[in-house]
Amino acid sequence: KRLLDLYLSKHIAKEEYIQSFEEYLSLPIWKARHEIYSVWVSTKIKEATHYLNPQISTTDGKLEYSFKTYKLISYETLPVKIDLYSELKLPYNKNISSKRKEYVQPDYTLVQKRNIPLNEDAILVIECKQYKRSNKKNFTEVIVDYANAHPNAHIFLVNYGNITQSVIQAIHKHNIQGSRYTLIDQFEPTNNTSLKLFTDKVKQQLYGYYIKPQTICIELSWNSVFEDLDLELEVKIDNSINKINYS
């Protein structure tokens, strides 16, 4: 859009404008637009987990993004150490997609830390799609295959364009419960609503997995000077204040 605004702000011939714009769209980088989108999503994962002190893994000072398993980030502050992998390839031969035969290989997988990750170790799986329109077959197969291959993981599918209700209906026909996955459409840099939803959902899944409820006993005592007291307990969790009143 900014490029278009720049062109339109200048008085140039129509033919020159079209030629320049076609040359721009013919640049080799556009052939890798899905990969660029996927890399951008990885920055959103890091931002969503910043409170866990993510440690970026590099090779000779560089991050590698290729169609092979690579550990991107390690998290050392959780009770159970976890790692974020890109293109983590794990065996699974019951896929409904014809594209996946003997393996699953999501864009990003968050797993419990082991030397050799297993399917059961995955706690979050994130698949990136840069489709302008919803694709019921493709999106459904992603959720179903990854949910079945990673039985303990919550599956995210983020798409640049929209995702229609028909995708949810198709997923449910395969007995995948809504609590197992999250679909986020219009996931792009200017959509603050989708960005916030992604951050909140990722945070929610990690807290739900590792932070176990604890029972706390608070005992108060006072002398006979006070015949009646009104009590208020205030607990702050993640900038949210919860109050309990007793009269």
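Predicted model, so just to flag it, every value in this text is computed and none were measured.

Caption draft 1: Molecular detail of the overall build of the protein chain. Looking only at helices and strands, the protein chain features 6 helices and 11 strands. Scored against the burial criterion, the 247 residues of the protein chain give a buried share of 36%. Contacts spanning at least 24 positions in sequence make up 55% of the contacts within the protein chain whose residues lie at least 6 apart. Just so you have it, the protein chain exposes about 16300 Å², and 52% of that area is on carbon and sulfur atoms.

Caption draft 2: Highlighting helix α3 (residues 33-48). Taking 1.5 Å of rise per residue, the 16 residues of α3 would be expected to cover 22 Å, and the 23 Å separating its terminal C-alpha atoms lies within 8% of that figure. Taken together, the buried positions of α3 are Y37, S38, W40, V41, S42, K44, I45 and A48.

Caption draft 3: View of the nonpolar core. Membership of the largest hydrophobic core comes to 27 residues, with the highest contact counts inside it found for V41, F187 and F198. Looking at this core, the elements with two or more residues in it are α3, β2 (70-75), β3 (82-86), β6 (108-112), β7 (122-129), β8 (154-159) and α6 (192-210). Of the residues forming this core, the biggest block, 5 residues, is contributed by α3. Ignoring any residue separated from it by four or fewer positions in sequence, one finds F198 in contact with K44, I45, A48, I126, F156, V158, I184 and F187.

Caption draft 4: Main features of the environment of D230. Here D230 is to be found in the loop between α6 and β10 (231-237). Judged by its relative accessible area of 59%, D230 falls in the exposed class. The spatial distance from the C-alpha of D230 to the C-alpha of Y246 is 5.9 Å, given a sequence separation of 16 residues.

Caption draft 5: Region of interest: the pattern of salt bridges. Under the defined criterion, the tally for this structure stands at 5 salt bridges. Across the pair E127 and K129 runs a salt bridge, and its minimum N-O distance is 3.5 Å. Residues E127 and K129 agree in their burial class; the two are buried. With a closest N to O distance of 2.7 Å, D200 and K196 form a salt bridge. One end of the pair is D200 and the other is K196, both in helix α6 and 4 residues apart, which spans about a single turn. Overall, D200 belongs to the partly exposed group, its relative accessible area being 36%.

Caption draft 6: Highlighting the environment of N148. As for its placement among the helices and strands, N148 is situated in helix α4 (residues 136-149). Each C-alpha atom, one on N148 and one on K94, is 8.3 Å from the other, the two residues being 54 residues apart in sequence. Beyond its immediate stretch of four places on either side in the chain, N148 contacts Y92 and I176.

Caption draft 7: Representation of the sheet that holds β2. If you walk across this open sheet you meet the 7 strands as β1-β2-β3-β6-β7-β8-β9, and the pairing is mixed. This sheet does not close on itself; its edge strands, each paired only once, are β1 (54-56) and β9 (181-184). Each neighbouring strand pair of the sheet contributes to a mean axis angle of 20°, computed without reference to strand direction. Looking at chain direction, β3 and β6 are connected through 5 bridges and run antiparallel. What sits directly across from Y85, in β6, is T109. Contacts between α4 and the sheet are confined to β7, β8 and β9, with β8 contributing the most and set at about 160° to the helix.

Quick notes on the rules
Residues numbered from 1 in each chain as written. Predicted model: local features only at pLDDT ≥ 70, side-chain atom pairs only at ≥ 80, totals over all residues. Heavy atoms only, no water. Helix = DSSP H or I, 4+ residues; strand = E, 2+ residues; numbered from the N terminus. Buried < 20%, exposed > 50% of the residue type's maximum accessible area, 1.4 Å probe, protein only. Contact = heavy atoms within 4.5 Å. Areas by Shrake-Rupley, 256 points an atom, 1.4 Å probe, with all protein chains shown as cover. Expected span 1.5 Å × (residues − 1). Core = buried A, V, L, I, M, F, W, Y, C linked by side-chain atoms within 4.5 Å. Salt bridge = Lys/Arg side-chain N within 4 Å of Asp/Glu carboxyl O. Pairing = 2+ DSSP bridges. Axes fitted to C-alpha atoms, helices over the stretch in contact; angles between N-to-C directions.

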